[in-house]
Amino acid sequence: MGVPEPITEQAETVLALWQGSWVAAFAVGILVWGLIIWSIIFHRKRSEQLPPQVRYNMPIEALYTVLPIVVIAVLFYFTARDQAYLLETDEKADVNVEVVGFQWSWQFNYLDQSKAEAEEAADDPKAQPTTEFAVVGTPQEVPTLRLPEGAVVHFDLTSPDVIHSFWIPAFAFKMDVIPNRDNEFQVKVKDGTAGTYAGRCAELCGVEHAGMLFNLEVMEPEDYQKWAAEQKQAAEASSEQLAEKAADKGADATAKGAENGAEARDEKAETATDGDKAEQAENADKAETAHGADEQDTADAAAEEAGQ
């Protein structure tokens, strides 16, 4: 009835609820259609005589009140039961993935543990798990989320901008990706489901919403382990290269700082030398001026004696 072939155990539950709801809807529909047809046939006009006129019919009104309540209560019970099962995250996950929805693509961070586990282990609500490697997409390059068969997969959902919705139709399930709020759910991927499946954003999130696509590739466990190991090695190599570049940059900065310091010291010394020279010249000028003044005083005294 419009649901793709489920590839998770949780999707089987959703499918059962979906089909059960249709069965209930058909049952109610058949009852209503039956009553309408029965009324048309057995209460059709046979003469000009009016049928008995009554203000109410207690049995019918009771039926119209009780029956909808029973139907809604039954649907509510099964919906609440299945929803509680779909949102359970107590089972230890084999794979932990942080799904980041952004305008307008997806980023899949493969973690060493879930966010809840990291917070519980560190007893710190701000503790974060370690990202082993990541897959980042763009609207032009659709990313691929890879998962192994038979694995329990835990998803942490987050967004840095607006509300998105993480939807894999083969999961028969979707969940909103909301800024400043971490949502989570997990699934058990069924065996024998290896293949490629479509994924998309199910929430209108902006002008490029239609380009927020991704692929899900379910792999056999051996193939997945090999692929994950390659991704970890590539991520570690990239981290080492970044660390080396940072170290080289730091060394260059240190060397440049030392060179600048040496130049500053040289300039300071040169300035000090120039200052000493200037001070010596100033002292010489002062001495010469004083000597000239003494000679002038001597000349004035001699002239005065001669005048006398």
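Scroll up to find the structure.
Thresholds applied
Residues numbered from 1 in each chain as written. Predicted model: local features only at pLDDT ≥ 70, side-chain atom pairs only at ≥ 80, totals over all residues. Heavy atoms only, no water. Helix = DSSP H or I, 4+ residues; strand = E, 2+ residues; numbered from the N terminus. Contact = heavy atoms within 4.5 Å. Areas by Shrake-Rupley, 256 points an atom, 1.4 Å probe, with all protein chains shown as cover. Core = buried A, V, L, I, M, F, W, Y, C linked by side-chain atoms within 4.5 Å. Buried < 20%, exposed > 50% of the residue type's maximum accessible area, 1.4 Å probe, protein only. Expected span 1.5 Å × (residues − 1). Axes fitted to C-alpha atoms, helices over the stretch in contact; angles between N-to-C directions. Parallel < 35°, antiparallel > 145°, perpendicular 65-115°, else oblique.

Asker: Before we go on, may I ask you to explain the overall build of the protein chain in this structure?
Answerer: Across its full length, the protein chain carries 4 helices and 10 strands. For the protein chain, the N- to C-terminal ordering of α and β elements is α-α-β-β-α-β-β-β-β-β-β-β-β-α. In the protein chain, of all internal contacts separated by at least 6 residues, the share reaching a separation of at least 24 is 69%. On the protein chain, roughly 20,600 Å² of surface is accessible, and the fraction owed to carbon and sulfur atoms is 56%.

Asker: Looking at this structure, how should I read the environment of Asp94?
Answerer: Tracing the backbone through its elements, the reader meets Asp94 in the loop between α2 (58–86) and β1 (95–102). Spatially, the C-alpha atom of Asp94 lies 9.5 Å from that of Lys188, the residues being 94 residues apart in sequence. Beyond its immediate chain neighbours, meaning those up to four positions away, Asp94 contacts Gly150, Ala151 and Val152.

Asker: Could you clarify how one ought to interpret the nonpolar core in this entry?
Answerer: The nonpolar side chains of a soluble globular protein tend to be buried, and buried together. Within the largest apolar cluster, 40 residues are counted, with the highest numbers of intra-cluster contacts made by Val97, Phe108, Tyr110, Leu145, Phe155 and Phe166. Here the element with the most residues in this core is strand β10 (residues 213–219); it accounts for 4 residues. Not counting residues within four places of it along the chain, the set of residues in contact with Leu145 comprises Val97, Phe108, Tyr110, Phe155, Phe166, Ile168, Asn215, Leu216 and Glu217.

Asker: Could you clarify how one ought to interpret helix α1 (residues 9–42) in this entry?
Answerer: Given 3.6 residues per turn, any residue in an α-helix points the same way as the ones three and four places further on. An ideal rise of 1.5 Å per residue puts 50 Å on 34 residues; α1 measures up with 49 Å between its terminal C-alpha atoms. Contacts from the buried residues of α1 go to α2 and β8 (183–188).

Asker: Honestly, the packing of α1 against α2 in this entry has me stumped. Any pointers?
Answerer: Helices that pack against each other are described as a pair by the angle of their axes relative to one another and the distance between those axes. The N-to-C vectors of α1 and α2 enclose an angle of 175 degrees; their axes lie 10 Å apart at closest approach. With respect to each other, α1 and α2 are oriented roughly antiparallel. Of the residues in α2, those touching α1 at Glu9, Gln10, Thr13, Val14, Leu17, Ser21, Ala24, Val28 and Leu31 are Leu67, Val71, Leu75, Phe78, Thr79, Asp82, Tyr85 and Leu86.

Purely geometric numbers; function is a separate question.
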